[in-house]
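Survey of secondary and tertiary structure
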Amino acid sequence: MKYYLIAGEASGDLHGSNLMKALEKEDPEAEFRFFGGDLMQAVGGTLVKHYREMAYMGVIPVLLHARRILRNMRVCREDIRSYAPDAVILIDYPGFNLKMARFVKTHLGTPVHYYISPKIWAWKKYRIKSFRRYVDRMFCILPFEAGFFRSLDYPVDYVGNPSVDAVSAFLDAGKEQPDTFAEDNGLSGKPLLAILAGSRKAEIQQNLPAMLSVAAGFPEYQPVIAGAPGLAPGDYAQAAGEAPGAVIVYGQTYPLLRHASVAMVTSGTATLETALFRVPQVVCYHIGGGWLANFVFDRFFHVPFISLVNLIAGKEVVQELFGGRFSRKAIRDEVEKITGNPAYKDEMLAGYDHVISLLGQPGASCRTAKLIVESLRRK
């Protein structure tokens, strides 16, 4: 069968590539065409558009690139129509993908499967109407999402979490390989302080200076930055300014987390990955507006937390320093608690273990592929 996948970000490229591998096992005759990235391209099929040409987030960047975004949508619609796939698989990226879902169901009648649900449980709950109309089947990767959608009378499948798959596979592979991370990157023998400052240039500019400033106050640790795909060393140097530097490693986020003793992490999937590696962390996410941002979050968002760790646990496991709570002092105080208070650290690790138990066993991509292929064969 023929599958058309749409992923608009680096994380979607990763999860899309794993799903494609799983689909090939379920359907040996699988053919792929996709909007995605290098990882999906490595699996096989035809890359129509790279996510680097699509990843615009926030009101201003979207407005500035409106013409290109509209052109990408037009190219995507025409390419899907020409390819005539047996199924369209959308991976997160709701601003673009929900428009594609509407087109596919309205004009082509092709089955639409959504892998990695958009986070409408945080806000934009009204998008459930689009899911009902245009998405045949939704596959969720967070345990609490199933209950949320069912409360809106929209059945979904919880398939497990792809980050669990990725971390498990990495750790299993590492058992048979020599550990040369410190040597390869010229690191000292000090414990590592991992810095995961986001995946976009704007996030780096807003978060990295404070993170590096705090790291300089812990000279017994070596700060190491996880370089994001698509960002160059110059982007980090520009963001750091006069702040003390740190080693930057690219394509080695998991090796870094495996070796880290403590981490400063910008909210996102990285907070969950850090928990899966059981690295104590502080979530620090600069948001313009200070305390006004916290007020807006408390009044207009439907969730009590911003980090996946706390959302899955249903309670505060890690400190979330954003908006008015984001400051160098607050971050430094939390790092001091993590590194200087064993009981505090152990409590956080116990919270991680609870989250890991809720997520379940690896196999998200395999379960999703099996459900997609089964549903198509029934039709």
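Definitions and limits used
Residues numbered from 1 in each chain as written. Predicted model: local features only at pLDDT ≥ 70, side-chain atom pairs only at ≥ 80, totals over all residues. Heavy atoms only, no water. Axes fitted to C-alpha atoms, helices over the stretch in contact; angles between N-to-C directions. Helix = DSSP H or I, 4+ residues; strand = E, 2+ residues; numbered from the N terminus. Parallel < 35°, antiparallel > 145°, perpendicular 65-115°, else oblique. Contact = heavy atoms within 4.5 Å. Nonpolar A, V, L, I, M, F, W, Y, C, P; charged D, E, K, R; others polar. Core = buried A, V, L, I, M, F, W, Y, C linked by side-chain atoms within 4.5 Å. Buried < 20%, exposed > 50% of the residue type's maximum accessible area, 1.4 Å probe, protein only. 1 Å grid on protein atoms, 1.4 Å probe; cavity = no way out; pocket = protein on both sides within 12 Å on 5 of 7 lines; lining within 4 Å. Points joined across faces, edges and corners; volume = space filled by probe spheres on them. Salt bridge = Lys/Arg side-chain N within 4 Å of Asp/Glu carboxyl O. Pairing = 2+ DSSP bridges. Phe/Tyr/Trp six-rings, centres within 6.5 Å; stacked < 30°, edge-to-face > 60°. Lys NZ or Arg CZ within 6 Å of the ring centre and 35° of its normal. Arc of directions from axis to C-beta.

**Observations concerning the packing of helix α16 (residues 328-340) against helix α17 (residues 342-359)**
Where α16 meets α17, the closest approach of the two axes is 5 Å, and the angle between their N-to-C directions is 95°. In terms of axis orientation, α16 runs roughly perpendicular to α17. Where α16 approaches α17, its residues E334, K337, I338 and G340 are matched on the opposing element by P342, Y344, K345 and M348. Across the contact of α16 with α17, the residue classes break down as four nonpolar, one polar and three charged.

**Focus: the nonpolar core**
Y3, L5, F131, I195, M264 and I331 are the most contacted members of the largest nonpolar core, which has 131 residues in total. Take this core: its biggest share by element is seven residues, from helix α10 (residues 201-215). Sequence-distant contacts of M264, that is, excluding residues within four places in its chain, are made with L193, A194, I195, L196, M211, V214, A215, V282, C284, I331 and V335.

**Topic: the layout of surface pockets**
Reported here for the second largest pocket is a volume of approximately 250 Å³. If you trace the second largest pocket, you find it lined by N18, K21, A22, K25, D165, A166, S168, A169, P362, G363, S365 and C366. Broken down by secondary-structure element, the contributors of at least two residues to the lining of the second largest pocket are α1 (10-26), α8 (162-174) and α18 (364-378). Residues of the lining of the second largest pocket, tallied by class, amount to five nonpolar, four polar and three charged.

**Considerations on the pattern of salt bridges**
Going through the model one piece at a time under the given rule, you end up with 11 salt bridges. Note that R137 is salt-bridged to D157, the shortest N-O span being 2.8 Å. A residue pair is termed long-range when its members are at least 10 positions apart, and R137 in strand β6 (residues 137-140) and D157 in strand β7 (residues 157-158) qualify at 20 residues. Taking the relative accessible area as the measure of exposure, D157 reaches 21% and is therefore partly exposed. With a closest N to O distance of 2.7 Å, D333 and K329 form a salt bridge. A residue pair is termed a helical-turn pair when its members lie 3 or 4 positions apart in one helix, as D333 and K329 do in helix α16 at four residues. One salt-bridge network, in which partners are shared between bridges, spans E9, R200 and E203.

**Notes on the side chain of T368**
Locating T368 in the fold gives a position in helix α18. Judged by relative accessible area, T368 falls into the buried class, the value being 0%. Apart from the residues lying within four places of it in its own chain, the contact partners of T368 are L19, Y115, F139 and V159.

**Observations concerning the sheet that holds strand β11 (residues 260-265)**
Hydrogen bonds between backbone atoms are what pair the strands of a sheet, whose relative direction is either parallel or antiparallel. If you trace the six strands from one edge of the open sheet to the other, you get β10-β9-β8-β11-β12-β13, paired in parallel fashion. The open sheet terminates on both sides in strands that have one partner only, identified here as β10 (247-250) and β13 (320-322). The average undirected angle you get between the axes of adjacent strands in this sheet is 25°. Contacts from α10 reach β8 (192-196), β9 (222-227), β11 and β12 (281-285), with the element oriented near 165° to β8. Taken strand by strand, α16 contacts β11, β12 and β13, and its axis lies near 170° from that of β12.

**Some details on the packing of aromatic side chains**
Within the structure shown, the criterion is met by 14 aromatic pairs. Directly above the aromatic system of Y83 lies the positively charged group of K2, at a separation of 4.6 Å from the ring centroid.

**Re helix α7 (residues 143-151)**
Those residues of α7 that fall on the buried side of the exposure criterion are E145, A146, F148 and F149. For α7, the buried positions fall inside an angular range of 165° around the axis, keeping them on one side. The exposed set on the far side of α7, more than 90 degrees from its buried face, consists of R150 and S151. Just past α7, the residue D153 takes up positive phi, approximately 60°.

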